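Take a look at the letters that make up each chain.
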Amino acid sequence: ASAEPLIATRGLSAGYGTQPVVRDLDIEVRPGEVVALLGPNGAGKTTTLRVLAGDLAPMSGEVRWLGGAGRAPLHRRARQGLAYVGERAVFTRLDVAENLRVGRVETARALELFPELEKRLRTGAGMLSGGEQQMLSLARALCRSPRLLLADELSLGLAPLVVERLLRAVREAADRGLGALLVEQHVRKVLDIADRVYVLRRGRIEMTGTPRELRENLDAVESSYLARP
Ligand code: ATP
């Protein structure tokens, strides 16, 4: 990835009230790359995504989105091609086809991405399995051709095959130019598709590198960075 970063932070600190939760972060995501953000519970991963999305203001340092350092709120960044996927973002009282329509996503395009949803088009989204709900919310995000995807635990609570399916969809979108930053608990699976990794611990970046570099230390990484704060 040699293009300019879609998003980049310099010395970024952010948190709630007066106390920073994340400090001095230098993070960037370029077009075409999948970047994993790993770390134990409470390390500040969600806080990092929120400040990148424009949902939470920096306390110090900066976030450059599309080269500009101004403070753009989430809805403006969304119009400019930033997609945020958090908890399954589906309307449970609408069926799958209606969810796509409300999201201004062409059904055909969503089914190209996740053919699994075809037989569920008339099913209420509240009746879907967790994996199907997450396919739907990812379809809603990816089919609008975002430049950057920020995803917070896409695979939370899902079966391994579904996790692989979702991550593969992200990888394929990145191969067509999307930049993606994924917060994931499924460390090994996300390392299979990521280009680069940041490990966050107690609000700071403690390690960064390629999946290969991380895998060499994976046992240490898993036990000390992921199991416990
Ligand atoms: P998890 O995997 O548990 O979600 P995380 O790495 O995403 O962890 P954050 O959710 O960013 O971590 O939380 C980091 C710290 O910030 C935690 O101590 C948490 O209690 C605190 N925190 C998170 N959200 C808020 C909030 N809205 N107001 C105050 N403190 C918060």
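Here the structure is a predicted model, which is why all the values come from computation and not from measurement. (Residues numbered from 1 in each chain as written. Predicted model: local features only at pLDDT ≥ 70, side-chain atom pairs only at ≥ 80, totals over all residues. Heavy atoms only, no water.)

1. Quick word on helix α1 (residues 45-53)
In terms of burial, α1 is a largely internal element, seven of the nine residues being buried. For α1, the complete set of buried residues consists of K45, T47, T48, L49, V51, L52 and A53. Once α1 ends, the next one or two residues include G54, with phi positive near 90°. (Buried < 20%, exposed > 50% of the residue type's maximum accessible area, 1.4 Å probe, protein only. Helix = DSSP H or I, 4+ residues; strand = E, 2+ residues; numbered from the N terminus.)

2. Side note on the packing of helix α5 (residues 130-142) against helix α6 (residues 160-175)
In contact at an axis separation of 10 Å, α5 and α6 are set at 10° when each is read in the N-to-C sense. It follows from the interaxial angle that α5 and α6 lie roughly parallel. For the pair α5 and α6, the contacting residues are G131, Q134, M135, L138 and L142 in the first and V162, R165, L166, A169, V170 and A173 in the second. (Axes fitted to C-alpha atoms, helices over the stretch in contact; angles between N-to-C directions. Parallel < 35°, antiparallel > 145°, perpendicular 65-115°, else oblique. Contact = heavy atoms within 4.5 Å.)

3. Describing the confidence of the model for the chain
Confidence in the prediction of the chain, expressed as mean pLDDT, is 91, and 94% of residues score 70 or more. In the model output, the complex is listed with pTM 0.92 alongside ipTM 0.94. (pLDDT = per-residue confidence, 0-100.)

4. Here's the deal with the site of the ligand
As a matter of local geometry, the ligand sits amid Y16, V21, P40, N41, G42, A43, G44, K45, T46, T47, E153 and Q185. Contact between the ligand and K45: an oxygen atom at 2.8 Å from a main-chain N or O atom of the residue. Bound to the protein, the ligand loses 55% of the 630 Å² it would expose on its own. (Near = heavy atom within 4 Å. Polar contact = N/O pair within 3.5 Å; in protein donor to acceptor, adjacent residues only side chain to side chain. Areas by Shrake-Rupley, 256 points an atom, 1.4 Å probe, with all protein chains shown as cover.)

5. A short note on the sheet that holds strand β9 (residues 196-201)
Taken together, the six strands give an open sheet; going across it, the order is β6-β7-β8-β4-β9-β10, and neighbouring strands pair in mixed fashion. Where the open sheet ends on each side, the last strands, each with one partner, are β6 (82-85) and β10 (204-209). Averaged over all pairs of adjacent strands, the angle between their axes in this sheet comes to 15°, without regard to strand direction. By the bridge criterion, four bridges tie strand β4 (residues 34-38) to β9 in an arrangement that is parallel. In the strand pairing of β9, L37 is matched with Y198. (Pairing = 2+ DSSP bridges.)

6. A look at unusual backbone geometry
Positive phi outside glycine occurs at L66, with the angle close to 55°. With relative accessibility at 33%, the residue L66 sits in the partly exposed group.

7. Focus: the nonpolar core
Judged by nonpolar contacts, the single largest core of 47 residues is most densely connected at L38, F114, L138, L149 and L182. It is α6 that provides the largest number of residues to this core, a total of seven residues. Ignoring anything within four residues of it in the chain, the contact list for F114 reads M135, L138, A139, R165, L166 and A169. Residues I7, L49, V51 and A53 belong to the second largest nonpolar core, which totals 25 residues. (Core = buried A, V, L, I, M, F, W, Y, C linked by side-chain atoms within 4.5 Å.)

8. Comments concerning the pairing of β10
Of the strand pairs in this sheet, β9 and β10 are connected by five bridges, and their pairing is antiparallel. Paired with Y198 across the two strands is T208, which belongs to β10. Connecting the antiparallel pair β9 and β10 is a turn made up of two residues, with R202 showing a positive phi of about 50°.

9. Brief notes about α6
For α6, with 16 residues, the first-to-last C-alpha span of 22 Å sits near the 22 Å given by 1.5 Å per residue. Three or more residues of α6 are buried, namely V163, R165, L166, L167, A169, V170, R171, A173 and A174. Those residues of α6 that are buried are in contact with β4, α4 (107-113), α5, β7 (148-152), β8 (179-183) and α7 (187-193). G177 sits one or two residues past α6 and shows a positive phi near 120°. (Expected span 1.5 Å × (residues − 1).)

10. Digging into the pattern of salt bridges
Applying the stated criterion across every chain yields a total of 12 salt bridges. The residue D55 makes a salt bridge to R50 at a minimum N-O spacing of 2.9 Å. Classification of D55 as partly exposed rests on a relative accessible area of 40%. Put simply, R171 and D175 hold a salt bridge, and the shortest N to O gap is 3.0 Å. (Salt bridge = Lys/Arg side-chain N within 4 Å of Asp/Glu carboxyl O.)

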